[in-house]
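The primary structure of each chain is shown beneath.
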Amino acid sequence: AVSRPPITDRFIRPGQYVADEVDKTQIVLHHTVGGTAASTLAWWNQDPTRVATAFIVDRDGTIYRAFPETMWAYHLGGGIDSRYD
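Nothing here was measured: the structure is a model prediction, and the numbers come from that model.

**Focus: helix α1 (residues 37-46)**
Listing the buried residues of α1 in full gives Ala37, Thr40, Leu41 and Trp44. Within α1, the buried residues cover an arc of 100° as seen down the axis, which keeps them to one side. Taken together, the buried residues of α1 touch β2 (55-57) and β3 (63-65).

**With respect to the sheet that holds β3**
Backbone-to-backbone hydrogen bonds pair the strands of a sheet. The strands run either parallel or antiparallel. Read from one edge of the open sheet, 3 strands run β1-β3-β2, paired in mixed fashion. Only two strands of the sheet have a single partner each, and these edge strands are β1 (7-9) and β2. Direction aside, the axes of adjacent strands within the sheet are offset by 30° on average. In the sheet, β2 pairs with β3 via 3 bridges, with the strands oriented antiparallel.

**Details of the pattern of salt bridges**
Under the counting rule described, the total for this entry stands at 2 salt bridges. Close ionic contact of Asp9 with Arg65 constitutes a salt bridge, the shortest N to O distance being 2.5 Å. Here Asp9 is found in strand β1, whereas its partner Arg65 is found in strand β3, with 56 residues between them in sequence. Residue Arg65 is classed as buried on the basis of its relative accessible area, which comes to 16%. In this structure, the salt-bridge partner of Arg65 is Glu69, at a minimum N-O distance of 2.3 Å. Here Glu69 falls in the partly exposed class, since its relative accessible area comes to 42%.

**Re the nonpolar core**
Among soluble globular proteins, nonpolar side chains are generally buried collectively. The biggest cluster of nonpolar side chains holds 12 residues, and these are Ile12, Tyr17, Ala37, Leu41, Trp44, Ala52, Ile56, Tyr64, Ala66, Phe67, Met71 and Ala73. A total of 3 residues in this core trace back to one element, the largest contributor, which is α1.

**Observations concerning the environment of Pro5**
With respect to the helices, strands and loops of the structure, Pro5 is situated in the segment before β1. When the C-alpha positions of Pro5 and Thr62 are compared, they lie 8.3 Å apart, and in sequence the two are 57 residues distant.

**Re the packing of aromatic side chains**
For the coordinates displayed, the defined rule picks out 1 aromatic pair. Plain terms: the ring middles of Tyr17 and Phe67 are 4.7 Å apart, the flat faces sit at 15° to each other, and that makes the pair stacked. Of this pair, Tyr17 sits in the loop between β1 and α1 while Phe67 sits in the loop between β3 and α2 (74-77), placing them 50 residues apart in sequence. With a relative accessible area of 11%, Tyr17 lands in the buried category.

Rules and cut-offs
Residues numbered from 1 in each chain as written. Predicted model: local features only at pLDDT ≥ 70, side-chain atom pairs only at ≥ 80, totals over all residues. Heavy atoms only, no water. Buried < 20%, exposed > 50% of the residue type's maximum accessible area, 1.4 Å probe, protein only. Helix = DSSP H or I, 4+ residues; strand = E, 2+ residues; numbered from the N terminus. Arc of directions from axis to C-beta. Contact = heavy atoms within 4.5 Å. Pairing = 2+ DSSP bridges. Axes fitted to C-alpha atoms, helices over the stretch in contact; angles between N-to-C directions. Salt bridge = Lys/Arg side-chain N within 4 Å of Asp/Glu carboxyl O. Core = buried A, V, L, I, M, F, W, Y, C linked by side-chain atoms within 4.5 Å. Phe/Tyr/Trp six-rings, centres within 6.5 Å; stacked < 30°, edge-to-face > 60°.

By themselves these figures say nothing about function.
See the structure below:
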């Protein structure tokens with residue numbers, strides 16, 4: 001069996017992601033320019049534009065989960081289903 005790196009939950013506030021369970025069919029990679037995962041999570045929590053992604057990989061390789069994997073990022077769902085715009 002292949003081992004997975006540990007994932008640390010650092011959930012952002014509700015409202016920053018779509019809280020509906022959605023089946024996934026793709027993986028989307030998103031590059032975020034910034035300091036650390038902690039500063040990115042803090043920004044997402046106060047940013048009204050709801051641009052969060054499900055996971056952040058910090059500079060040291062630590063993986064953070066920003067919201068449950070069954071949920072959906074607004075910036076991905078908006079083009080698929082207008083109820084998330």
